[in-house]
Amino acid sequence: MPDPASLLWRRGSDARVMLAAGYALLLQVAHPTVGAGVTDHSSFRRDPWGRLLRTLDFTCTMVYGGPGAAREMGRRIRAMHVGIKGRRPDGRSYDALEPDAYAWVHATLAEGIVAAHERFGRPLAPAERQRLWAEWRSLGDLLGVDADELPVDWSRFRDYFDAMTRETLAHTAAVDEVLDALARPVPPALAALYRPIWPLVRMPAGHLIGLATAGLLPPQLRVRLGVPWGRRRAAELGLASAALRAATPLMPQALRITGPGYLQWRAGGVPR
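All values derive from a computational prediction rather than experimental measurement. (Residues numbered from 1 in each chain as written. Predicted model: local features only at pLDDT ≥ 70, side-chain atom pairs only at ≥ 80, totals over all residues. Heavy atoms only, no water.)

## Details of the overall build of the protein chain
A tally of regular secondary structure across the protein chain gives 14 helices and two strands. The C-alpha atoms of the protein chain give a radius of gyration of 18 Å, which matches the 19 Å a tight globule of 272 residues would have. Within the protein chain, the fraction of its 272 residues that count as buried is 46%. In the protein chain, of all internal contacts separated by at least 6 residues, the share reaching a separation of at least 24 is 75%. Placing the 35 positive and 26 negative side-chain charges of the protein chain at their respective mean positions leaves the two points 7 Å apart. (Helix = DSSP H or I, 4+ residues; strand = E, 2+ residues; numbered from the N terminus. Rg over C-alpha atoms; globule rule 2.2 N^0.38 Å. Buried < 20%, exposed > 50% of the residue type's maximum accessible area, 1.4 Å probe, protein only. Contact = heavy atoms within 4.5 Å. Lys, Arg positive; Asp, Glu negative; His and termini not counted. Charge placed at Lys NZ, Arg CZ, Asp CG, Glu CD.)

Right under this line is the structure:
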């Protein structure tokens, strides 16, 4: 289990990692099985903020919640996927617990952490990437992820990731649902005090997350998924990335490690 000495504890909840949330989600729903399950069974279209909070609940609990809470979260996640079954648009049956699809979802979250630090924060050295992957891979045991489905080290992970993006991921209906939600973010449930400021933050925040999502995708996958890109967007992302990296020395500890504070906030309930 991660502890304060682990790399995952120290680097897994940097506030800038949130910029890779859309990227990780697109990688997930581009898997034909995951995409079909999201389209058929998920509330993402109605409640994208709820989906985001549930993902944060999962990741923060697994890393910062302690052994008991992490085991319970892993059990709940596995149980939640038991009934997610159906038929893909190509007529093939799917099951959310198919080993390759279930493991892929787990793997994309580690990829998001590493990619976000590389682009926006404090890039991990090769040995740190290996260490973080080993720590994240071990959490798969609590979820019932088949260890044989995940590479044993980071160099093999890159081969696995490249093969998945090249041979398996596709433009599913769920990809369009995610891209639409990112392009036109709906307001979250906010306390009355904060509702007036939503229009002020929606456009810049949504634009930055959209840039990050598109910019982190491998170029060939970006084309396959129909994600717009070009020199102007690349330049914008480059400027934003440089500013975020430069901000590292000024960031308080609470923004470098947000997980414990997030769990405290969630324990008190979501403001309405």
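## Let's talk about helix H3 (residues 32-41)
For the α-helix, the turn length of 3.6 residues means that residues three or four positions removed from each other point alike. Of all ten residues making up H3, seven are buried, and the element is well covered by its neighbours. Taken together, the buried positions of H3 are occupied by Pro32, Thr33, Val34, Gly35, Ala36, Gly37 and Val38. Contact partners of the buried residues in H3: helix H2 (21-29), helix H4 (48-64), strand S2 (93-95), helix H6 (99-120) and helix H9 (173-183).

## What to know about the environment of Glu128
With respect to the helices and strands, the residue Glu128 is situated in helix H7 (residues 126-143). When the C-alpha positions of Glu128 and Leu7 are compared, they lie 7.4 Å apart, and in sequence the two are 121 residues distant. Not counting chain neighbours up to four residues away, the residues in contact with Glu128 comprise Leu7, Arg11 and Pro123.

## What to know about the pattern of salt bridges
In the structure shown here, the tally under the stated rule is eleven salt bridges. Arg129 is the partner of Glu118 in a salt bridge, and the nearest nitrogen-oxygen pair spans 2.5 Å. Here Glu118, found in helix H6, pairs with Arg129, found in helix H7; they are eleven residues apart in sequence, far enough to count as distant. Given the relative accessible area of 39%, Glu118 is considered partly exposed. (Salt bridge = Lys/Arg side-chain N within 4 Å of Asp/Glu carboxyl O.)

## What to know about the packing of aromatic side chains
A full pass over the atoms with the stated rule returns nine aromatic pairs. Judged by centre distance (6.2 Å) and plane angle (65°), the ring pair of Trp133 and Trp154 falls under edge-to-face. One end of the pair, Trp133, is in helix H7; the other, Trp154, is in helix H8 (residues 154-167), with 21 residues separating them in the sequence. There is no split in this pair, since Trp133 and Trp154 are both buried. Ring plane angle 50° and centroid distance 4.7 Å describe the contact between Trp133 and Phe157, whose orientation is recorded as tilted. You can see Trp133 sitting in helix H7 and its partner Phe157 sitting in helix H8, a full 24 residues away along the chain. Using a relative accessible area of 0% as the deciding quantity, one classes Trp133 as buried. (Phe/Tyr/Trp six-rings, centres within 6.5 Å; stacked < 30°, edge-to-face > 60°.)

## A look at the packing of H3 against H9
Relative orientation of the contacting elements H3 and H9 amounts to 65°, with a least axis distance of 7 Å. Comparing their axes, H9 and H3 come out roughly perpendicular. Contacts from Gly35, Val38 and Thr39 of H3 reach H9 at Ala173, Ala174 and Glu177. Among the residues forming the contact of H3 with H9, the class breakdown is three nonpolar, two polar and one charged. (Axes fitted to C-alpha atoms, helices over the stretch in contact; angles between N-to-C directions. Parallel < 35°, antiparallel > 145°, perpendicular 65-115°, else oblique. Nonpolar A, V, L, I, M, F, W, Y, C, P; charged D, E, K, R; others polar.)

## Here we look at the nonpolar core
By size, the foremost hydrophobic cluster in this structure holds 67 residues, and its most contacted members are Tyr23, Leu27, Val29, Phe58, Trp133 and Trp136. With twelve residues, the top contributor of residues to this core is H6. Ignoring anything within four residues of it in the chain, the contact list for Trp133 reads Ala107, Ala110, Leu150, Pro151, Val152, Asp153, Trp154 and Phe157. (Core = buried A, V, L, I, M, F, W, Y, C linked by side-chain atoms within 4.5 Å.)

## What about the side chain of Asp153?
Here Asp153 is to be found in the loop between H7 and H8. Among the polar contacts made by the side chain of Asp153, one reaches the side chain of Arg156 at a distance of 2.5 Å. Each residue touching Asp153, except ones within four places of it in the same chain, is listed here: Gln130 and Trp133. (Polar contact = N/O pair within 3.5 Å; in protein donor to acceptor, adjacent residues only side chain to side chain.)

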